[in-house]
Amino acid sequence: FHTNNQATSMMSSAKKQKLNDDDDDKQSLHEIRVGFIGCGTIASAIATSLAKPEHEEYLSEAGLSLSTISVTKRSASKSSKLKEDFPHVVSVYESAEEVVRNSDLVFLCLLPQQVDEMLSELKEKGTWNNGRHTLVSLVSTSKVEDLIAKTSLPTNRVFKMICLPPISNREGCALLTPPASSENGHPYLKKMFDALGGVVECPTDEIMSSMMVPTGLMGTMYGIMKNNRDWLINKGVSPSDASYFVARSYLSMVQDAERDCRDPKRFDDLIEEQTPGGLNEQALKNQEKQGVFDAYDKSMDAVLSRIQGKSDGSLP
Ligand SMILES: NC(=O)C1=CN([C@@H]2O[C@H](COP(=O)(O)OP(=O)(O)OC[C@H]3O[C@@H](n4cnc5c(N)ncnc54)[C@H](OP(=O)(O)O)[C@@H]3O)[C@@H](O)[C@H]2O)C=CC1
Ligand SMILES: O=C(O)[C@@H]1CCC=N1
């Protein structure tokens, strides 16, 4: 950003002044060249968050300055949209090899079944540079040990990460393993994801696998909202009102739960404060009796078992 005339001309004059006033800080910003192998939903979300001018100050507070974003072309609709949105930083390349050669920090964002072929091709071509590259895999089934073996990169330069699409707005919370902020860890990875909304570092692959399970229940949450909407429509509510009301109500409930959420009793307290003998208390009891939460536990175990490669994750 900072070295690019077009980008600088897009900045507010206050920002320009701040940068001019702060020449020493500017000098010490760590310039990063980021690459994405596979440019689909999650790659676009992370790239968008890194490239948004309004996020620049958060990266800069973390000591970082985005220099370039290189992406693979194959999924043309997403890569061309990124190029259109952020023409001054984004470059689209035909091959993953070119992306890696133009980047220091490389995100692997392919589908699980596409990974092995890609990594062996890159290794065969001698694309990875031990002194330069950091690899972060977003692939749900990746194992850090496996990635190290398939790239020969040093152990403190290979990570697995999970985040969800709202990272594009600095929302949500990423997961990262191994911890990047440990001694001999990584110079900026934790700071970078703190700047993009927050990150929890997982001490082991095992903890990471368990922590990933709720990220696999995003579809379930939207499914519950869809179910509420359709139930209301069946009762004669207009589809637009039903959709608006459900989304706004759930947003407020989740925002309430997020307040003080470092306190592990937060959710219990919110349940406790429901009207005594009221509708919510009764509905929750009914659902417990109906086995809703047992079914939920079973489906979480199934997601974990798929992440661990122990099953295909399906339930009868
Ligand atoms: N979506 C999400 O919320 C999250 C996804 N993930 C993980 O991220 C990974 C990607 O998921 P998602 O973004 O949803 O999937 P997408 O299908 O949106 O993205 C995968 C992209 O990789 C491209 N691709 C496939 N093969 C190649 C290749 N040989 N060279 C270059 N590009 C290629 C695909 O292009 P094409 O369309 O042409 O096939 C596609 O655009 C998965 O492993 C998933 O587990 C992790 C966290 C969250
Ligand atoms: O649904 C998936 O497979 C990916 C992994 C975590 C979130 N989305």
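The notes below deal with the structure included here. All figures in this text were calculated on a predicted structure; none of them were measured in a lab. (Residues numbered from 1 in each chain as written. Chains lettered and ligands numbered in written order. Predicted model: local features only at pLDDT ≥ 70, side-chain atom pairs only at ≥ 80, totals over all residues. Heavy atoms only, no water.)

On to the overall build of the protein chain, then. Helix and strand content of the protein chain: 16 helices and eight strands. Projecting the C-alpha coordinates of the protein chain onto the three principal axes gives extents of approximately 60 × 50 × 40 Å. Out of the 316 residues in the protein chain, the part that is buried amounts to 37%. Taking as baseline every contact in the protein chain between residues at least 6 positions apart, the subset at least 24 positions apart corresponds to 64%. (Helix = DSSP H or I, 4+ residues; strand = E, 2+ residues; numbered from the N terminus. Buried < 20%, exposed > 50% of the residue type's maximum accessible area, 1.4 Å probe, protein only. Contact = heavy atoms within 4.5 Å.)

Attention now moves to the site of ligand 1. Of all residues adjacent to ligand 1, which total 21 residues, the nearest are T41, I42, R74, S75 and L110. Between ligand 1 and T41, the relevant distance is 2.9 Å, taken from an oxygen atom to a main-chain nitrogen or oxygen of the residue. Contact between ligand 1 and I42: an oxygen atom at 3.0 Å from a main-chain N or O atom of the residue. Bound to the protein, ligand 1 loses 75% of the 890 Å² it would expose on its own. (Near = heavy atom within 4 Å. Polar contact = N/O pair within 3.5 Å; in protein donor to acceptor, adjacent residues only side chain to side chain. Areas by Shrake-Rupley, 256 points an atom, 1.4 Å probe, with all protein chains shown as cover.)

Next up on the list: the site of ligand 2. Taken together, S140, L164 and T215 make up all the residues around ligand 2. Within the complex, 49% of the 250 Å² of free accessible area of ligand 2 lies under protein.

This next bit is on the environment of L284. Summarising the element assignment, L284 is placed in helix 15 (residues 279-289). In this structure, the C-alpha to C-alpha distance between L284 and Y250, residues 34 residues apart in sequence, is 16 Å. If near-sequence neighbours (up to four positions away) are discounted, L284 is found in contact with I271 and F293.

This next bit is on the pairing of strand 4 (residues 105-108). Regular strands place their side chains on alternate faces of the sheet. Because side chains alternate across strand 4, one face comprises the buried residues L105 and F107, and the other comprises V106 and L108, equally buried. Alignment of strand 1 (residues 30-37) against strand 4, held across four bridges, turns out to be parallel. Considered in strand 4, the bridge of V34 is made with L105. Direction of pairing for strand 4 relative to strand 5 (residues 134-137): parallel, over a ladder of four bridges. Residue pairing across strands places F107 opposite V136, the latter belonging to strand 5. In this fold, strand 4 hands off to helix 8 (residues 115-124), which returns the chain to strand 5; that crossover is right-handed. (Pairing = 2+ DSSP bridges. Right-handed = clockwise from strand over helix to strand, strands pointing away.)

With 17 residues, helix 12 (residues 218-234) extends 24 Å from end C-alpha to end C-alpha; this agrees with the ideal 24 Å at 1.5 Å per step. One or two residues past the end of helix 12 sits G236, with phi positive at roughly 100°. (Expected span 1.5 Å × (residues − 1).)

What follows is about the pattern of salt bridges. In total, this model carries 15 salt bridges according to the counting rule given. Here K73 and E94 are joined by a salt bridge, their closest N and O atoms 3.1 Å apart. Linking K73 in the loop between strand 2 (64-72) and helix 6 (76-85) with E94 in the loop between strand 3 (90-93) and helix 7 (96-101), this pair joins segments that are 21 residues apart in sequence. A relative accessible area of 37% places K73 in the partly exposed class. A residue is classified by how much of its surface remains accessible, and E94, at 61% relative accessible area, is exposed. For the salt bridge of D256 with R266, the shortest nitrogen-to-oxygen distance reads 3.4 Å. (Salt bridge = Lys/Arg side-chain N within 4 Å of Asp/Glu carboxyl O.)

Taken together, D260, D263, D268 and E272 make up a surface patch of like negative charges. Locating D260 in the fold gives a position in the loop between helix 13 (239-258) and helix 14 (266-272). The class for D260 is exposed, based on a relative accessible area of 60%. (Patch = residues over 30% accessible without salt bridge, like charges linked within 9 Å, V, L, I, M, F, W, Y side chains within 5 Å. Lys, Arg positive; Asp, Glu negative; His and termini not counted. Charge placed at Lys NZ, Arg CZ, Asp CG, Glu CD.)

Contact pair helix 8 / helix 9 (residues 144-151): the axes reach a minimum separation of 9 Å and the direction vectors enclose 35°. Contact residues: D116, L119 and K123 in helix 8; L147, A149, K150 and T151 in helix 9. Here the contact of helix 8 with helix 9 is built from residues that sort into three nonpolar, one polar and three charged. (Axes fitted to C-alpha atoms, helices over the stretch in contact; angles between N-to-C directions. Nonpolar A, V, L, I, M, F, W, Y, C, P; charged D, E, K, R; others polar.)

The pairing of strands in a sheet happens through backbone hydrogen bonds and is either parallel or antiparallel. Strand order across the open sheet formed by eight strands is 3-2-1-4-5-6-7-8, with mixed pairing between neighbours. Strands at the two margins of the open sheet, each flanked by one partner only, are strand 3 and strand 8 (199-201). The average angle at which neighbouring strand axes cross in this sheet is 25°, direction not considered. Where strand 6 (residues 158-162) meets strand 7 (residues 174-177), three bridges bridge the pair, whose relative direction is antiparallel. Opposite I162, over in strand 7, you have L175 as the bridge partner. Sitting on the sheet, helix 6 touches strand 2 and strand 3, and the angle it makes with strand 3 is about 150°. Sheet contacts for helix 9: strand 4, strand 5, strand 6 and strand 7; angle to strand 6, the most-contacted strand, approximately 135°.

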